[in-house]
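Breakdown of the fold
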Amino acid sequence: MTELPLSADLKSTVLIEALPYIQRFHGKTIVIKYGGNAMTDVALQEKFARDVVLLKLVGMNPVVVHGGGPQIGELLKRVGKQSEFIQGMRVTDDETMDVVEMVLGGLVNQDIVTLINKAGGNAVGLTGKDGNFIHARKLMLKAPDTSDEAIDIGQVGEVVRIDPGIVNLLCHQNFIPVIAPLGVGEQGEAYNINADLVAGKLAVTLQAEKLLLLTNTAGVLDQAGEVLTGLNAQRVQALIQDGTIRGGMLPKVACALDAVQNGVKTAHIIDGRVPHAVLLEVLTDEGIGTLIRGAAANRGS
């Protein structure tokens, strides 16, 4: 019998390894927060688009929520406006909001739609203002020195509720929704909302199988710099208390934890700098990032 070349053998092994995951997640919704380096590197952009199209073609329902912080900052700089942040949130006055809507709802959103369509998918761009499907209110920050004082950072919002009808309709009609994290208030005012928060709340609303948060780090790291995975809520809380999870990872972990405590089976914090990160996390045994399980998740999900 002729022995297969190693490369062919590896390829067949990878395909067989993916089969049970394709079967398990067929018809399931996967919400993907797309941001970081994966959004700014051309080669990674193309690989991300192919990943999303492949998930759709094998029967899953990927829903993309994207950020755009660097692009917003760059356009503000070009128009001579300095970006200002308080507690990691962009201060968003009227002029800044105009730029945010232009970048998130227009430039970035349509770039992602074009990439997915070029890769063979059928993507449709949305913002939370379309059909008023992301209802929001003004987010007020607490001053660090007192619990009584609130800080107004302008047209920055938090999610009140999400109406899933338009997203479900698109998914069922074989489209891939690409969502800019803009919400709408009771008086029709627009709000700039953190993309991680929108992705998490949308995953809960859709009762998604998975929430994937693409970042610029390998995942949650232990004190030795090794990736931690297979975490549950109790383990996450312990890692927060002992200082292992800290800094910029805290809000991402909080978002993931909220999702799995409210019906999402698993949340994943993965490195968007790795080519085909989405496929590696969803369709392989080992994955590439940190998996956080909800109570209803099966082992190995």
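Only a predicted model underlies this, so the values are computations on that prediction, with no experimental measurement involved.

Overall, the coordinates contain one cavity of 30 Å³ or more when judged by the stated rule. As for the largest cavity, its lining consists of Ala38, Leu44, Lys47, Phe48, Asp51, Leu214, Gly272, Val274, His276, Ala277 and Val278. Those elements that place two or more of their residues in the lining of the largest cavity are α2 (42–57) and α9 (277–283). The dominant element in the lining of the largest cavity, judged by the number of residues it contributes, is α2, at four residues.

What follows covers the UniProt feature "site: Transition state stabilizer" (unreviewed entry) in the chain. Under the present numbering, the feature "site: Transition state stabilizer" (unreviewed entry) in UniProt falls on Lys33 and Lys252. A maximum C-alpha distance of 10.7 Å is found for the annotated residues, which run over 220 residues; spatially they form one tight group. Within the annotated group just given, the residues that line the largest pocket are Lys33 and Lys252. Taking relative accessible area as the criterion, Lys33 reaches 10% and is therefore assigned buried. There is a polar contact of 3.2 Å between the side chain of Lys33 and the side chain of Asp196. In this fold, Lys252 is placed in helix α8 (residues 249–260).

Let us now look at the nonpolar core. Residues Val31, Val63, Val65, Ile134, Ile179 and Leu211 are the most contacted members of the largest nonpolar core, which totals 43 residues. Sequence-distant contacts of Ile179, that is, excluding residues within four places in its chain, are made with Val63, Val64, Val65, His66, Asn109, Leu126, Phe133, Ile134, Val167 and Leu202. Grouped together as the second largest cluster of nonpolar side chains are 42 residues, Met97, Val178, Ile270 and Ala277 included.

At a minimum axis distance of 9 Å, the contact between helix α3 (residues 69–78) and helix α4 (residues 94–118) shows a crossing angle of 130°. Viewed along their axes, α3 and α4 adopt a mutual orientation that is oblique. Like other packed secondary-structure pairs, α3 and α4 cross with a definite hand, here right-handed. Of the residues in α4, those in contact with Gln71, Ile72, Leu75 and Leu76 of α3 are Thr96, Val99, Val100, Met102, Val103, Leu104 and Val108.

Scoring rules and cut-offs
- Residues numbered from 1 in each chain as written.
- Predicted model: local features only at pLDDT ≥ 70, side-chain atom pairs only at ≥ 80, totals over all residues.
- Heavy atoms only, no water.
- 1 Å grid on protein atoms, 1.4 Å probe; cavity = no way out; pocket = protein on both sides within 12 Å on 5 of 7 lines; lining within 4 Å.
- Points joined across faces, edges and corners; volume = space filled by probe spheres on them.
- Helix = DSSP H or I, 4+ residues; strand = E, 2+ residues; numbered from the N terminus.
- UniProt positions renumbered as here; feature names shortened; annotations may be inferred.
- Buried < 20%, exposed > 50% of the residue type's maximum accessible area, 1.4 Å probe, protein only.
- Polar contact = N/O pair within 3.5 Å; in protein donor to acceptor, adjacent residues only side chain to side chain.
- Core = buried A, V, L, I, M, F, W, Y, C linked by side-chain atoms within 4.5 Å.
- Contact = heavy atoms within 4.5 Å.
- Axes fitted to C-alpha atoms, helices over the stretch in contact; angles between N-to-C directions.
- Parallel < 35°, antiparallel > 145°, perpendicular 65-115°, else oblique.
- Left-handed = near helix turned anticlockwise from the far one by under 90°.

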